[in-house]
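Now for the letters of each chain:
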Amino acid sequence: MMKEFIMLLSNNMFFRIVMIEVCLDTILGSCRAIKEHKFNSCVGIDGAIRKVAMLISICFLMGIDMIAHINVLSLVPQQYVQFLGVEKLGLSEFFALMDGLYEAVSILKNAALCGLPVPVRVRNYIQKFLEDMTEELPD
């Protein structure tokens, strides 16, 4: 059963994407902290705990999916289902999808704050989102 779980997790596209996003966000966040001379171990530890908890949650939900065979595909709009090209979306994939979107916004925010080129339209969207939620992106 454990081998099956590890195989499911390692072959899961959504888990792989979240892992890549977590790594990229960590790298860009560290670069941003170095650039702004605000490298704070407390903030870094809090972020690391959040990311590890997120990955553990996906693993836990994968175990629930193995036992209960839950399909939450009906919660996702049909246009996104067609884009994703999936026929089943378990709790772990749904949670990974939501976390992936969160990480993508964080990656774009850190990229913009590091001075990397971010398309104006995307930057404006991130700026509005962050003004509403965190006020973290400067004018």
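Each remark here, short or long, concerns the structure printed above.
As the structure is a prediction and not an experimental result, all values here were calculated from the model.

Caption draft 1: Structural detail: the layout of surface pockets. Looking at the second largest pocket, its volume works out to about 330 Å³. Phe14, Leu84, Leu97, Met98 and Leu101 are, among the 17 residues lining the second largest pocket, the residues nearest its centre. Those elements that place two or more of their residues in the lining of the second largest pocket are helix H2 (13–35), helix H4 (78–84) and helix H5 (91–114). When residues of the lining of the second largest pocket are assigned to their parent elements, the largest contribution, 6 residues, is made by H5. By residue class, the composition of the lining of the second largest pocket is 15 nonpolar, 1 polar and 1 charged.

Caption draft 2: Main features of the environment of Ile34. With respect to the helices, strands and loops of the structure, Ile34 is situated in helix H2. Of the residues examined, Ile34 reaches a relative accessible area of 55% and is grouped as exposed. Through-space distance from the C-alpha of Ile34 to that of Cys114 is 9.3 Å; in sequence the pair is 80 residues apart.

Procedures and definitions
Residues numbered from 1 in each chain as written. Predicted model: local features only at pLDDT ≥ 70, side-chain atom pairs only at ≥ 80, totals over all residues. Heavy atoms only, no water. 1 Å grid on protein atoms, 1.4 Å probe; cavity = no way out; pocket = protein on both sides within 12 Å on 5 of 7 lines; lining within 4 Å. Points joined across faces, edges and corners; volume = space filled by probe spheres on them. Helix = DSSP H or I, 4+ residues; strand = E, 2+ residues; numbered from the N terminus. Nonpolar A, V, L, I, M, F, W, Y, C, P; charged D, E, K, R; others polar. Buried < 20%, exposed > 50% of the residue type's maximum accessible area, 1.4 Å probe, protein only.

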